[in-house]
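# Summary of the model geometry
Listed here are the chains, written in short residue letters.
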Amino acid sequence: MTTITATERAAAQAYLRLLESTQAVLTDPCLAPYAGVMLTNPMAEADEALRAAGLAGNEDRLLRLVSTLRPSPSSPPGAPAPAMDRGRRG
């Protein structure tokens, strides 16, 4: 089980807001041309939250925290998020 501090939770939530905002903007052909302007604030919020939580440059920890907050959509309710394949081959 992953223990999450308040600042880590805030960072993971800011990352999720950025991800959702990006998906919304880029999937709407009318909004896509304005992506840079529309995503400036969510990007700044996520950057600041990641720095405050000490997660800047620590993608493994961030993605573990995000998966605790929001498991994969293909996971049954209550199931742990599936392990991520990082594409490394032995």
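Calculation rules
- Residues numbered from 1 in each chain as written.
- Predicted model: local features only at pLDDT ≥ 70, side-chain atom pairs only at ≥ 80, totals over all residues.
- Heavy atoms only, no water.
- Axes fitted to C-alpha atoms, helices over the stretch in contact; angles between N-to-C directions.
- Helix = DSSP H or I, 4+ residues; strand = E, 2+ residues; numbered from the N terminus.
- Parallel < 35°, antiparallel > 145°, perpendicular 65-115°, else oblique.
- Contact = heavy atoms within 4.5 Å.
- Nonpolar A, V, L, I, M, F, W, Y, C, P; charged D, E, K, R; others polar.
- Core = buried A, V, L, I, M, F, W, Y, C linked by side-chain atoms within 4.5 Å.
- Buried < 20%, exposed > 50% of the residue type's maximum accessible area, 1.4 Å probe, protein only.
- Salt bridge = Lys/Arg side-chain N within 4 Å of Asp/Glu carboxyl O.
- pLDDT = per-residue confidence, 0-100.
- Expected span 1.5 Å × (residues − 1).
- Bend = angle between axes of the 7 residues up to and from the residue.

## Thoughts on the packing of helix 1 (residues 6-27) against helix 3 (residues 59-69)
- Contact pair helix 1 / helix 3: the axes reach a minimum separation of 9 Å and the direction vectors enclose 80°. It follows that helix 1 is roughly perpendicular to helix 3 by the angle criterion. Residues Glu8, Arg9, Ala11, Ala12, Gln13, Tyr15 and Leu16 of helix 1 form the contact with helix 3, whose own contacting residues are Arg61, Leu62, Leu63, Leu65, Val66 and Leu69.
- Here the contact of helix 1 with helix 3 is composed, by residue class, of nine nonpolar, one polar and three charged.

## As for the nonpolar core
- One finds Ala11, Leu50, Leu55, Leu62 and Val66 to be the most contacted residues of the largest nonpolar core, which totals 13 residues.
- Listing elements by their share of this core, those giving two or more residues are helix 1, helix 2 (35-52) and helix 3.
- In terms of residues, this core owes the most to one element, helix 1, which gives five residues.
- Sequence-distant contacts of leucine 62, that is, excluding residues within four places in its chain, are made with Ala11, Ala12, Tyr15, Leu50 and Leu55.

## Quick notes on the pattern of salt bridges
- For the structure on display, the rule yields four salt bridges.
- In this structure, glutamate 8 and arginine 61 form a salt bridge, with 2.9 Å as the shortest nitrogen-oxygen distance. One end of the pair, glutamate 8, is in helix 1; the other, arginine 61, is in helix 3, and 53 residues separate them in sequence. Just as glutamate 8 is buried, arginine 61 falls in that class too.
- A salt bridge links glutamate 45 to arginine 17; the shortest N-O distance between them is 2.4 Å. Taken together, the positions of glutamate 45 in helix 2 and arginine 17 in helix 1 put the pair 28 residues apart, joining distant regions of the chain.

## Description of the confidence of the model for the protein chain
- With 77% of its residues at a pLDDT of 70 or more, the protein chain shows a mean pLDDT of 82.
- A low-confidence stretch, residues 81-90 stays under pLDDT 50, and its non-local contacts, those more than four residues away or across chains, total eight contacts.

## Comments concerning helix 2
- For helix 2, built from 18 residues, the straight-helix expectation of 26 Å at 1.5 Å per residue is met to within 8% by its first-to-last C-alpha distance of 25 Å.
- Asparagine 41 marks where helix 2 bends most, by close to 35°; the proline proline 42 follows one to four residues later.
- Restricting attention to buried positions, one finds in helix 2 the residues Ala35, Leu39, Pro42, Ala46, Ala49 and Leu50.
- Looking at the buried side of helix 2, the elements it contacts are helix 1 and helix 3.
- Once helix 2 finishes, glycine 54 follows within two positions and takes phi at roughly 70°, a positive value.

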